[in-house]
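Results of the structural survey
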Amino acid sequence: MSDFRIPADGPIIATEADFTDFIGEAAWGGFTRIIVPVGRLSPDFFRLSTGLAGAILQKATNYRLKVAIVGDISAFTEKSGPLRDFVYESNGRGDIRFIASEADL
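Residues numbered from 1 in each chain as written. Predicted model: local features only at pLDDT ≥ 70, side-chain atom pairs only at ≥ 80, totals over all residues. Heavy atoms only, no water.

**Thoughts on helix α2 (residues 52–62)**
The criterion, for reference: The buried label applies to any residue whose accessible area, calculated with a 1.4 Å probe on protein chains only, is under 20% of its type's maximum; exposed applies above 50%, and partly exposed to all values in between. A run of H or I in DSSP becomes a helix once it reaches four residues, and a run of E becomes a strand once it reaches two; helices and strands are each numbered from the N terminus. Picture the helix axis, draw a direction to every C-beta atom, and the arc is the one those directions span. For this analysis, residues touch if any pair of their heavy atoms sits within 4.5 Å.
Residues of α2 that are buried: L52, A53, I56, L57 and A60. Viewed along the axis of α2, the buried residues span an arc of 110°, placing them on a single side of the element. Taken together, the buried residues of α2 touch α1 (16–28), β3 (66–70), α4 (81–93) and β4 (96–99). After α2 finishes, the residue R64 shows a positive phi value of roughly 60°.

Shown next, in the form of structure tokens:
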């Protein structure tokens, strides 16, 4: 599997449009998975009611890209049962994974 890594440094991904360039780069570069550091994601990503996670992840899967969100998200999952369920279901399917470190890839 060929991975496109979003750098840990850079602006926060706060909108679907912020992620679109990464999808384009990954798709046109022949990558099959995008690695996203948790620190690059807006807290709104982890509030499912905003729709940000759904929009970003759906767009990636439309381009047949897998996504790995890498880092500690426990501060978010402790506060949200729906998010915990979403993470559990996503990890079970495999196209979208939430993992603690890249060693878990």
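**Notes on the packing of aromatic side chains**
Filter applied, for reference: Here the aromatic set is Phe, Tyr and Trp, taking the six-membered ring for Trp, and pairing holds for ring centres within 6.5 Å; pairs whose planes are under 30 degrees apart are stacked, those over 60 apart are edge-to-face, and all others are tilted.
One pass over the structure, following the stated rule, counts six aromatic pairs. An aromatic cluster is defined as three or more aromatic residues linked by ring pairs; in this entry it consists of F4, F19, F22 and F31.

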